[in-house]
Amino acid sequence: MPSLYAMPRGLRDSIAVAPSPALTPSARTTGAPGWRWTCAVFSAAFLFLLALEAGFRRYAPDGLRFQAWNSERMMQTLSLRDLRDEPLRSLWYLHIQPPLLDVFRASLAGLHRSLDEASLVDAVDRWTYVAWAAVFAATAALVFSWLHRLAGWRTALVGTVLWVLHPAAIAFATLLDGTAASAAAFLWFCLEQWRFHRGEGSVPRLAAATLVLFFLRSIFQWPFLVLGVLSLVLLRVPARRVVRYAAVVGLLAGLYVAKQFVLFGTPMTSTFDGMNFCRAIGMGEPDVSELRLPRDIFPGSLPSPTRAAVLREEEKLGGHYNYNQLDYLRYSAALKHVCRQALRSRPLSTTLASFAQNALLYGRPSSRYQPNVLVDRLPWRGAYDFVFSSPVLWLLLLAAGVSAARRLKGAEDWRHTAALVLPILYVAAVSVLFEKGENMRFKYFVEPVLFVFLCSEGARLATRIRLRRPATHRTVGDSAG
């Protein structure tokens, strides 16, 4: 009996290698599951999370939030007071983070502008939970759709149920920052890349996924956009389509980068880079007040604090520190200088040892980023954390990757493989080299993609074992006769 996964030599869908599920297409693929199935999966996941939250909300200390932080306490967010009173001006002078999350929060603040400050924060956070439940459901729908294409509806259904129960997915759907949305957007981006590999790619869809990542999370800076172009080149996408993608993404992202450079003297979407650099090499957040710093390390000209409240106010609602004030911008510039000096003067072994610590943190269970009164009570959490942390996760990816790599045929397959793996490697490298302390949270950005890869390879292995079993029985019977 021929294997259901058999495919002709040279077929492009034979590409497979860890860690991207984009690399494990099979001749068994059945195409998209259809909008009815997708909508059913989305609705079921959405209602499941809302029901789970309703059942566990009695454990929330304030009756609302599952974690200790409200959205005002997040380092990366602007104050809801400013987003309510000066929405456009506040977003224009945002320098600590890409604007998409605060665009969403500003919309909610405008809808609830009549509330007092404490009630405003509660209302925005309550509706953010609903929005993140929709993101959770969209992630489940993407997982289902991709697995359906790779391995059929049974694997897609089982895999999606397993994903919906993933404690990390639930944890970040109940965290009031943009992690869940970033992971969903990255899953979408990788799926769209894989569709180019299948010969059914769409420049508008891939450009949209890229821009969502760029405007949502600072880890996806302009170097990631260059990586997107390189991946299309490696996939042998026609030059005309690559140019269209680069033009659309480059124009929209480039205008924002130019704005940031003119206003704040940085080509990045975030000014947390100085703090992240120092943390990553093991310096923490050094005190620079007593240091004699060169003047040329600071931006040549900055907007006046009178331009917007977000540039001058020290505190957000609830007394939380406002990192978007101009003093922090100068502090971040000083940290970058201190980091460069440290890299020049300290032994290389010290820096490498700090990176090794970051890698160990990266391998910890994502669900344990912060205490969560819902996730901490899930009875299946221990099993998931065991699988989705080092060393088990890395061993599973290695085994699946080796198995998948054996199906590669020729240089073109390897080139396509590189195109589809590069974005995952980029995220993993940035998560280790530019952060210390929250590395396990950054791992979640790629976990949905890794999950799809492991499920598709697991389905392939299960089919191979199932098809070999009858042949083994026949051999035993013949020998006995």
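Please read these numbers as outputs of a predicted model, since none were measured by experiment. (Residues numbered from 1 in each chain as written. Predicted model: local features only at pLDDT ≥ 70, side-chain atom pairs only at ≥ 80, totals over all residues. Heavy atoms only, no water.)

### Points about the side chain of Ser231
Consideration 1: By secondary structure assignment, the location of Ser231 is in helix H10 (residues 222-234).
Consideration 2: When its relative accessible area of 0% is taken as the criterion, Ser231 is described as buried. (Helix = DSSP H or I, 4+ residues; strand = E, 2+ residues; numbered from the N terminus. Buried < 20%, exposed > 50% of the residue type's maximum accessible area, 1.4 Å probe, protein only.)

### Thoughts on a nonpolar patch on the surface
Consideration 1: On the surface, Trp37, Trp153, Leu157 and Val161 cluster together to form a nonpolar patch covering roughly 390 Å² of accessible area.
Consideration 2: When residues in the nonpolar patch are grouped by element, the largest group, 3 residues, is from helix H6 (residues 153-164). (Patch = residues over 30% accessible without salt bridge, like charges linked within 9 Å, V, L, I, M, F, W, Y side chains within 5 Å. Areas by Shrake-Rupley, 256 points an atom, 1.4 Å probe, with all protein chains shown as cover. Salt bridge = Lys/Arg side-chain N within 4 Å of Asp/Glu carboxyl O.)

### As for the nonpolar core
Consideration 1: Core analysis: the largest hydrophobic core is formed by 101 residues, its most contacted members being Phe186 and Phe189.
Consideration 2: For this core, the element with the most residues is helix H5 (residues 117-151), which contributes 13 residues.
Consideration 3: Not counting residues within four places of it along the chain, the set of residues in contact with Phe189 comprises Leu206, Ala209, Thr210, Leu213, Phe224, Tyr245 and Pro423.
Consideration 4: Residues Leu78, Ala109, Leu329 and Ala342 belong to the second largest nonpolar core, which totals 35 residues. (Core = buried A, V, L, I, M, F, W, Y, C linked by side-chain atoms within 4.5 Å. Contact = heavy atoms within 4.5 Å.)

### Overview of the packing of aromatic side chains
Consideration 1: Within the structure shown, the criterion is met by 31 aromatic pairs.
Consideration 2: For the pair Phe186 and Phe189, a centre-to-centre distance of 6.3 Å together with 15° between the ring planes defines the contact as stacked. On the criterion of helical spacing, the pair formed by Phe186 and Phe189 is a turn pair, its members being 3 residues apart in helix H8 (residues 179-197).
Consideration 3: Phe189 gets classed as buried once you look at its relative accessible area, which sits at 0%.
Consideration 4: An aromatic cluster is present here, built from Trp69, Trp163, Phe172, Tyr369, Tyr384, Phe388, Tyr444 and Phe451 joined pairwise through their rings.
Consideration 5: In this arrangement the basic side chain of Arg57 is found over the ring face of Tyr129, its NZ or CZ atom lying 5.7 Å from the centre. (Phe/Tyr/Trp six-rings, centres within 6.5 Å; stacked < 30°, edge-to-face > 60°. Lys NZ or Arg CZ within 6 Å of the ring centre and 35° of its normal.)

### Description of unusual backbone geometry
Consideration 1: For the peptide bond that leads from Ser390 to Pro391, omega is 0°, which places it in the cis range.
Consideration 2: Residue placement: Pro391 occurs in the loop between helix H15 (381-387) and helix H16 (392-405).
Consideration 3: One non-glycine residue, Arg236, lies in the positive phi region at around 60°.
Consideration 4: In this structure, Arg236 sits in the loop between H10 and helix H11 (239-264).
Consideration 5: Residue class for Arg236 comes out exposed when judged on its relative accessible area of 53%.

### Some remarks on the confidence of the model for the chain
Consideration 1: Predicted confidence across the chain gives a mean pLDDT of 89, with 91% of residues reaching 70 or more.
Consideration 2: Mean pLDDT in the chain bottoms out at helix H19 (residues 447-480), which sits at 76, and peaks at helix H7 (residues 167-173), which reaches 98. (pLDDT = per-residue confidence, 0-100.)

### Observations concerning the environment of Tyr256
Consideration 1: Looking at the secondary structure, you find Tyr256 in helix H11.
Consideration 2: In sequence terms Tyr256 and Thr269 are 13 residues apart; their C-alpha atoms lie 8.0 Å from each other.
Consideration 3: Beyond its immediate sequence surroundings of up to four residues, Tyr256 is in contact with Leu94, Gln97, Pro99, Phe214, Phe215 and Thr269.

### Quick notes on H11
Consideration 1: Here H11 spans 35 Å end to end across 26 residues, near enough to the 38 Å set by a 1.5 Å rise per residue.
Consideration 2: Maximum bend of H11: about 25°, positioned at Gly250.
Consideration 3: Looking only at H11, the buried set comprises Val242, Tyr245, Val249, Ala253, Tyr256, Val257, Lys259, Gln260, Leu263 and Phe264.
Consideration 4: Contacts from the buried residues of H11 go to helix H3 (87-92), H8, helix H9 (203-216), H10 and helix H13 (326-345).
Consideration 5: Downstream of H11 by one or two residues, Gly265 has phi in the positive range, about 70°. (Expected span 1.5 Å × (residues − 1). Bend = angle between axes of the 7 residues up to and from the residue.)

### Brief notes about the pattern of salt bridges
Consideration 1: Scanning all chains against the criterion turns up 24 salt bridges.
Consideration 2: As a salt-bridge pair, Arg81 and Glu313 come within 2.9 Å of each other at their nearest N and O atoms. Taken as a pair, Arg81 in helix H2 (residues 80-85) and Glu313 in the loop between helix H12 (273-280) and H13 lie far apart in primary sequence, 232 residues in all.
Consideration 3: Classification of Arg81 by relative accessible area gives buried; the value is 18%.
Consideration 4: With a shortest N-O distance of 3.3 Å, Asp385 and Arg381 are connected by a salt bridge. Of the two residues, Asp385 and Arg381 are both situated in helix H15; the distance of 4 residues between them amounts to about one turn of the helix.
Consideration 5: With a relative accessible area of 7%, Asp385 lands in the buried category.
Consideration 6: Residues participating in the shared-partner salt-bridge network are Asp62, Arg65, Asp122 and Asp125.

### So, the state of the cysteines
Consideration 1: If you walk through the whole model with that rule in mind, you get 0 disulfides.
Consideration 2: This cysteine, Cys278, is not joined by any disulfide, and Cys339 carries the nearest cysteine sulfur, 4.9 Å off.
Consideration 3: When its relative accessible area of 0% is taken as the criterion, Cys278 is described as buried.
Consideration 4: Not part of a disulfide, Cys455 finds its nearest cysteine sulfur in Cys190, a span of 15 Å. (Disulfide = S-S within 2.5 Å.)

### Points about the environment of Leu360
Consideration 1: Along the polypeptide, Leu360 turns up in helix H14 (residues 348-362).
Consideration 2: A sequence separation of 79 residues divides Leu360 from Asn439, and the C-alpha atoms of the two residues are 8.7 Å apart.

### So, the environment of Pro98
Consideration 1: One can find Pro98 in the loop between H3 and helix H4 (100-111).
Consideration 2: What makes Pro98 buried here is its relative accessible area of 1%.
Consideration 3: Once residues within four sequence positions are removed from consideration, Pro98 is found in contact with Phe214, Phe215, Leu216, Arg217, Ser218 and Thr269.

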